[in-house]
Amino acid sequence: AAAADNIDHLGNRRVRLVGELLLKAAFAALLLHLFRRAAPGPLRWIWLTGVILLVPTVDDLFHDYAILVAVLVLLANLERLNRPAWLAAALLGALAMFKGTHLLTTAACFGSVVLLAILERRWRALAVLTGVYLASATGCWLLAGQNPAYLPVYLRGVLELASGYNASITAAVTSAVRA
């Protein structure tokens, strides 16, 4: 049994490593897409250098910045539904399943793209990108070995946790200040 557990653990580590590499490759592709689209000049080089130097230095900044870059790519490519737009929607869907706060953040950010698509009457972009986002999130849920029937329960739990987070932090800070 111990050998089987060790093999399973090794398999999970490999899956995680492959997932991390794919995530970083998608981020790099989207980052370079934005870099290429930027106007020529030193400002884009300063921006790219800043991203390369800053993002690895702060925990979770990579994931948050990946969400930002994906949304920027979606907004910049909403009218043409090219490969970067598909990749950005898929990246947002994958990041949504990393942890509860990312689910809420990607949903809010993707919601802004959905709202823009509705306001601009880009129905095809709305349908395609929403489908890619949902398929990616569901695919990651399934890859994690989760039962799709429990996804609504997970979503409800994330919302309940998020709704009580600010109150609990405020209470903790208030207690610490009084002490």
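Residues numbered from 1 in each chain as written. Predicted model: local features only at pLDDT ≥ 70, side-chain atom pairs only at ≥ 80, totals over all residues. Heavy atoms only, no water.

A.B. asks: Give me the lowdown on the side chain of Asn82, citing residues and values where you can.
C.D. replies: With respect to the element layout, Asn82 can be found in the loop between helix 3 (61–76) and helix 4 (83–96). A polar contact of 2.9 Å, which involves the side chain of Asn82, links it to the side chain of Asn77. With near-sequence residues (within four places) excluded, Asn82 lies in contact with His33 and Asn77. (Helix = DSSP H or I, 4+ residues; strand = E, 2+ residues; numbered from the N terminus. Polar contact = N/O pair within 3.5 Å; in protein donor to acceptor, adjacent residues only side chain to side chain. Contact = heavy atoms within 4.5 Å.)

A.B. asks: A description of the pattern of salt bridges should follow, citing residues and the corresponding values.
C.D. replies: Between side chains of opposite charge, a pair can form as their charged atoms come close. Applying the stated rule across the entire model yields three salt bridges. Note that Lys24 and Glu20 form a salt bridge whose closest N and O atoms lie 3.3 Å from each other. In this pair, Lys24 and Glu20 both sit in helix 1 (residues 2–37), four residues apart, roughly one turn of the helix. Lys24 sits in the partly exposed class, given a relative accessible area of 41%. For Glu120, the salt bridge goes to Arg122, with nearest N and O atoms at 2.7 Å. Judged by its relative accessible area of 39%, Glu120 is partly exposed. (Salt bridge = Lys/Arg side-chain N within 4 Å of Asp/Glu carboxyl O. Buried < 20%, exposed > 50% of the residue type's maximum accessible area, 1.4 Å probe, protein only.)

A.B. asks: I'd love a proper account of the packing of helix 4 against helix 6 (residues 123–143), names of residues and values included.
C.D. replies: Helix packing for two helices is described by the angle between their axes and how far apart those axes are. As a packed pair, helix 4 and helix 6 sit with axes 7 Å apart at the nearest point and diverge in direction by 40°. Where helix 4 crosses over helix 6, the two elements pack in a sense that is right-handed. Taken together, the residues of helix 6 that come into contact with helix 4 (itself represented by Ala85, Trp86, Ala89, Ala90, Leu92, Gly93, Ala94 and Ala96) are Val128, Leu129, Val132, Tyr133, Ser136, Ala137 and Cys140. Looking at the contact of helix 4 with helix 6, its residues break down into 13 nonpolar, two polar and no charged. (Axes fitted to C-alpha atoms, helices over the stretch in contact; angles between N-to-C directions. Left-handed = near helix turned anticlockwise from the far one by under 90°. Nonpolar A, V, L, I, M, F, W, Y, C, P; charged D, E, K, R; others polar.)

A.B. asks: For the packing of aromatic side chains, give the residues involved together with the corresponding values.
C.D. replies: By the definition in use, this model includes five aromatic pairs. The interplanar angle of 75° and the centroid separation of 4.7 Å between the aromatic rings of Phe35 and Trp45 together place this pair among those described as edge-to-face. With a gap of ten residues between them, Phe35 in helix 1 and Trp45 in helix 2 (residues 42–54) connect regions that are remote in the sequence. According to the relative accessible area criterion, Trp45 is partly exposed, its value standing at 49%. On the basis of an interplanar angle of 5° and a centroid distance of 4.5 Å, the ring pair of Phe110 and Tyr133 is categorised as stacked. (Phe/Tyr/Trp six-rings, centres within 6.5 Å; stacked < 30°, edge-to-face > 60°.)

A.B. asks: Quick rundown of the environment of Val55? Include the residues and the values.
C.D. replies: In this structure, Val55 sits in the loop between helix 2 and helix 3. Note: C-alpha distance between Val55 and Ala66 (eleven residues apart in sequence) is 9.7 Å. In this structure Val55 touches Gly50, Leu61, Phe62 and Tyr65, once residues within four positions along its chain are discounted.

A.B. asks: Break down a nonpolar patch on the surface for me, citing the residues and quoting the values.
C.D. replies: Together, Leu68, Leu72 and Leu75 make up a nonpolar patch on the protein surface, roughly 230 Å² of accessible area in all. Take Leu75: it is sitting in helix 3. (Patch = residues over 30% accessible without salt bridge, like charges linked within 9 Å, V, L, I, M, F, W, Y side chains within 5 Å. Areas by Shrake-Rupley, 256 points an atom, 1.4 Å probe, with all protein chains shown as cover.)

A.B. asks: A description of the environment of Leu92 should follow, citing residues and the corresponding values.
C.D. replies: Among the secondary structure elements, Leu92 is positioned in helix 4. Overall, the relative accessible area of 0% leaves Leu92 in the buried class. The sequence separation of Leu92 and Leu134 amounts to 42 residues, and the corresponding C-alpha distance is 9.3 Å.

A.B. asks: Go over the nonpolar core, please, and point to the residues and values.
C.D. replies: Among the nonpolar cores identified, the biggest contains 41 residues, and Phe27, Val69, Leu74, Leu91, Leu92 and Leu129 are the most heavily contacted of them. Those elements that provide at least two residues to this core are helix 1, helix 2, helix 3, helix 4, helix 5 (100–119) and helix 6. If we skip the residues at most four places from it in the chain, Leu129 touches Leu74, Leu78, Leu81, Ala85, Trp86, Ala89 and Phe110. (Core = buried A, V, L, I, M, F, W, Y, C linked by side-chain atoms within 4.5 Å.)

A.B. asks: Break down helix 2 for me, citing the residues and quoting the values.
C.D. replies: Between its first and last C-alpha, helix 2 extends 18 Å over 13 residues, near the 18 Å set by a 1.5 Å rise per residue. What helix 2 keeps buried is the set Arg44, Leu48 and Val51. Buried positions in helix 2, seen along its axis, are confined to an arc of 60° and lie on one side of it. What points out from helix 2, more than 90 degrees from its buried face, is the exposed set Pro42, Leu43, Ile46 and Leu53. (Expected span 1.5 Å × (residues − 1). Arc of directions from axis to C-beta.)

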